Amino acid sequence: METPEEPRWLDEEERQAWFALASVLMRLPSALDAQLQRDAGISHFEYQVLAGLSEAPDRTLRMTKLAKFAESALPRLSQVVGRLEKRGWVRRTPDPTDGRYTLATLTGDGWAKVVQTAPGHVAAVRSLVFDPLTKAQARQLTDIGRRIMRTIDPDDRCLGGPN
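Along each chain, the written sequence defines residue order, and numbers are assigned to residues from 1. Note on the predicted model: pLDDT of at least 70 is required for a residue's local features to be given, and 80 or more for side-chain atom pairs to be given and counted; whole-chain, interface and lining totals, by contrast, use all residues. In computing side-chain values, all of the structure's heavy atoms are included and hydrogens and water are not.

1. Digging into the overall build of the protein
Then step 1. For helices the rule is a DSSP run of H or I covering at least 4 residues; for strands it is a run of E covering at least 2, with both sets numbered from the N terminus onward. Looking only at helices and strands, the protein has six helices and three strands in total.
Then step 2. Helices and strands in the protein line up, N terminus first, as α-α-β-α-α-β-β-α-α.
Then step 3. The C-alpha atoms of the protein give 19 Å as radius of gyration, which overshoots the globular expectation for 163 residues (15 Å, by more than 25%).
Then step 4. Taken along the three principal axes of its C-alpha coordinates, the protein extends 55 × 45 × 25 Å. To get the radius of gyration, use the C-alpha atoms; to get the globule rule, take the number of residues to the power 0.38 and multiply by 2.2 Å.

2. Notes on the nonpolar core
Then step 1. Of all hydrophobic cores here, the largest spans 26 residues; its most connected members are Val49, Leu50, Leu53, Leu66, Leu77 and Val90.
Then step 2. Sorting the residues of this core by element identifies helix H1 (12-40), helix H2 (44-55), helix H3 (63-69), helix H4 (74-86), strand E3 (102-106) and helix H5 (108-130) as the ones contributing at least two each.
Then step 3. Top element by residues in this core is H2. It accounts for six residues.
Then step 4. Not counting residues within four places of it along the chain, the set of residues in contact with Val90 comprises Leu50, Leu53, Val81, Leu84, Glu85, Ala104, Thr105 and Thr107. Side-chain atoms within 4.5 Å are what join buried Ala, Val, Leu, Ile, Met, Phe, Trp, Tyr and Cys residues into a set we call a nonpolar core. Type-normalised accessible area, obtained with a 1.4 Å probe on protein chains alone, sets the label of each residue: buried when under 20%, exposed when over 50%, and partly exposed for intermediate values. Any two residues having at least one pair of non-hydrogen atoms within 4.5 Å are treated as being in contact.

3. Describing the confidence of the model for the protein
Then step 1. Scored from 0 to 100, pLDDT reflects the predictor's confidence in each residue. Summing up the model confidence of the protein, the mean pLDDT is 93 and the portion of residues at 70 or higher is 95%.
Then step 2. By mean pLDDT, H3 is the weakest element of the protein at 94, and H5 is the strongest at 98.

4. Some thoughts on the environment of Arg91
Then step 1. Mapped onto the secondary structure, Arg91 falls in strand E2 (residues 90-94).
Then step 2. The partly exposed category is assigned to Arg91, whose relative accessible area is 42%.
Then step 3. Remark: the alpha-carbon pair of Arg91 and Gly110, spanning 19 residues in sequence, is separated by 9.4 Å.
Then step 4. Excluding its chain neighbours within four sequence positions, the residues that come into contact with Arg91 are Glu85, Leu103, Ala104, Thr105 and Thr107.

5. Considerations on the pattern of salt bridges
Then step 1. Salt bridges are identified by distance alone: a Lys or Arg side-chain nitrogen within 4 Å of an Asp or Glu carboxyl oxygen. Enumeration over the complete set of coordinates arrives at eight salt bridges.
Then step 2. A salt bridge links Arg92 to Glu85; the shortest N-O distance between them is 2.7 Å.

6. A short note on the side chain of Glu46
Then step 1. Relative to the helices and strands, Glu46 resides in helix H2.
Then step 2. Pairs of N or O atoms within 3.5 Å make up the polar contacts considered here, provided that, within protein, one atom can donate a hydrogen while the other can accept it, and that residues adjacent in sequence are counted only when both atoms are side-chain atoms. There is a polar contact of 2.8 Å between the side chain of Glu46 and the backbone nitrogen of Ser43.
Then step 3. Look past the residues within four positions of Glu46 in its chain and what remains in contact with it is Val80, Arg83, Leu84 and Arg87.

7. Quick look at the packing of aromatic side chains
Then step 1. Two aromatic rings, drawn from Phe, Tyr or Trp (for Trp, its six-membered ring), form a pair once their centres lie within 6.5 Å of each other, and the interplanar angle then sorts them: stacked below 30 degrees, edge-to-face above 60, tilted otherwise. Scanning the entire structure with this criterion turns up zero aromatic pairs.
Then step 2. Whether a charge sits over a ring comes down to the Lys NZ or Arg CZ being within 6 Å of the ring centre and within 35 degrees of the ring normal. Over the ring of Trp111 we find Arg59, and its NZ or CZ is 3.7 Å from the ring centre.
Then step 3. For Arg76, the ring lying beneath its charged end belongs to Phe45, and the centroid distance is 3.8 Å.

Dropping the structure here:
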């Protein structure tokens, strides 16, 4: 009978790094969400959807690609896009190249919402993430994030920039 291999426990330095990262992962999204709710009346997830469309060619993406960008299941994304449609910020249409897919397109009003909302969001990101870091630490953060993402999802879009 084989004995199970002992887990590779974290040493004290790794534990401290993990606790720091876990705290950021838990608290940063709610801090960003609070700023966006307060200043723009939208959630961080809604902003990510609008921003993702704003950066896409013709401000249009297949819903499946938008779901991947937003780190969302398609049903959740569909609900959020439905809310954004009701506000006139997004329009859904069948994909003319393949009717099995649905396209989401940022409308003119949606573009205006992104333009209006982006400065406050960027200020919050700068204040919460970049102002406490040196330029060298910001470059290290990029490298660290990319290294971790390579192990999670080697095809992740953040590894090579937008789209």
